[in-house]
Amino acid sequence: MEKNMISRREDYEISPFTFAIVPVEYGSKTYSKIIEFDEEILVPFKPSSIVKSSCFYFGANYPGRCESTKALLGISHKVPISIEPGNRLFFFPTTSPAKESCIWLSYEHIVSRVKIDSNKTQINFRNKQSVEVPVSYNIIENQMLRTAMLKSKILQNLAEAERKAIYLYNTLQVNDRKSDFQAKDEHVYPEKKEPLKP
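A short tour of the structure in this document, coming up.

What counts, and where the lines are drawn
- Residues numbered from 1 in each chain as written.
- Predicted model: local features only at pLDDT ≥ 70, side-chain atom pairs only at ≥ 80, totals over all residues.
- Heavy atoms only, no water.
- Pairing = 2+ DSSP bridges.
- Helix = DSSP H or I, 4+ residues; strand = E, 2+ residues; numbered from the N terminus.
- Axes fitted to C-alpha atoms, helices over the stretch in contact; angles between N-to-C directions.
- Buried < 20%, exposed > 50% of the residue type's maximum accessible area, 1.4 Å probe, protein only.
- Disulfide = S-S within 2.5 Å.
- Expected span 1.5 Å × (residues − 1).
- Arc of directions from axis to C-beta.
- Polar contact = N/O pair within 3.5 Å; in protein donor to acceptor, adjacent residues only side chain to side chain.

What follows deals with the pairing of strand S9 (residues 120-125). Pairing of strand S8 (residues 110-117) with S9, which is carried by six bridges, proceeds in the antiparallel orientation. Paired with Arg113 across the strands is Ile123, a residue of S9. Here S8 hands over to S9 after two residues, the two strands then running antiparallel side by side. Note: S9 against strand S10 (residues 130-133), four bridges, orientation antiparallel. Pairing of Ile123 across the sheet is with Val131, part of S10. As consecutive antiparallel partners, S9 and S10 are separated by four residues, and within that stretch Lys128 has a phi angle of approximately 70 degrees, a positive value.

Next comes the structure, spelled out in C-alpha cells:
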C-alpha cells in the first residue's frame, strides 16, 4: 500500500473510517497502526485492546460480542464481531486474537483478496490501498464468509425488531385516536340519564 504520513494518538475508537488495525513492534512493546481512509495512525495499544475498548465505547463488551457471534454462528475460534451494527462496524481477526500477530480487518471496506503465496494474502480496500497479511487466502475467505453471515443475521434481527416497534407504535397511535374520538362523542352527545323517580 502507499505510504501515508503516520500521526500518533494516545487513544483510539474504531469508527466507519477504520479499515484495519495492524500490530507493529515499537521498541519492546506492541503498538497498533490504524489504517483509515486517508491516513495512518500509531496508537500505543495492542489491536486487541483497541477492539475491546471500542466495544465498550459503543455500550457493549468484547466477551459479550464474542459470545453473541458464537451463539449466532455456532463457531468458537477466530470469531468475527459486531462492534457496532448500526454503523456497520463488523470486524474479523486474521488469527487468534490472543496472538500478538493478529490483525483486525473491517469487512465493509474490503473489495477483493489476492493470494500472494501459501501463507500470505493481499487485502484490497475501497480506497484503492492494500495491505499484506501473513495468513493464507483460504483463511481470509473463510473469515469473510463468517463475517458476512454474522452481518446478515444481526441486520435481520435489527430489521425484525424495528418492524415490531413500528407496528406497536402504529397500533398505539390508532388506539389513541379511537380514545380521542370516543371522548369527543361523549362530549357532543352526552349520555342521556333517566330522570329520578320520586
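The subject of this paragraph is the sheet that holds S10. Spatially, S8-S9-S10 is the arrangement adopted by the three strands of the open sheet, whose pairing is antiparallel. A single partner strand is all that each edge strand has here, and the edge strands are S8 and S10. Across the sheet, the mean angle separating the axes of adjacent strands is 20 degrees when strand polarity is ignored.

Our focus in this paragraph is the pairing of strand S3 (residues 29-36). Burial analysis of S3 places seven of its eight residues in the buried class, which makes it a mostly covered element. Here strand S2 (residues 18-26) pairs with S3 via eight bridges, running antiparallel. Along S3, the bridge assignment pairs Thr18 with Glu36. Where S2 hands over to S3, the hairpin turn is made up of two residues, of which Gly27 adopts a positive phi near 70 degrees. The pairing of S3 with strand S4 (residues 40-43) spans four bridges and is antiparallel. Looking at S4, one finds that Ile35 is bridged to Glu40. What sits between S3 and S4 in their antiparallel hairpin is a turn of three residues.

Moving on: unusual backbone geometry. For Lys78, which is not glycine, the phi torsion reads 50 degrees and is therefore positive. Take Lys78: it is sitting in the loop between helix H2 (62-73) and strand S5 (81-84). Here Lys78 falls in the partly exposed class, since its relative accessible area comes to 27%. Notably, Arg88 is not glycine yet its phi reads approximately 60 degrees, a positive angle.

Linking two cysteines covalently through their sulfur atoms gives a disulfide. Tallying each qualifying case throughout the model produces zero disulfides. With no disulfide of its own, Cys66 lies 7.4 Å from the sulfur of Cys55, the closest cysteine sulfur.

Position of Glu40 among the secondary structure elements: in strand S4. Residue classification places Glu40 among the buried residues on the basis of a relative accessible area of 2%. As a C-alpha pair, Glu40 and Thr18 span 22 residues in sequence and 9.7 Å in three-dimensional space.

Before going further, it helps to spend a moment on H2. For H2, with twelve residues, the first-to-last C-alpha span of 17 Å sits near the 16 Å given by 1.5 Å per residue. Taken residue by residue, H2 has Tyr62, Cys66, Thr69 and Leu73 as its buried positions. The arc that holds every buried residue of H2, seen down its axis, measures 60 degrees, which confines them to one face. Exposed side of H2, more than 90 degrees from the buried face: Pro63 and Ala71 are the residues found there. At the N-terminal end of H2, a side-chain oxygen is found 2.6 Å from the backbone nitrogen of Gly64, two or three residues along, and the residue is Asn61. Phi turns positive one or two residues past the end of H2, at Gly74, with a value near 70 degrees.

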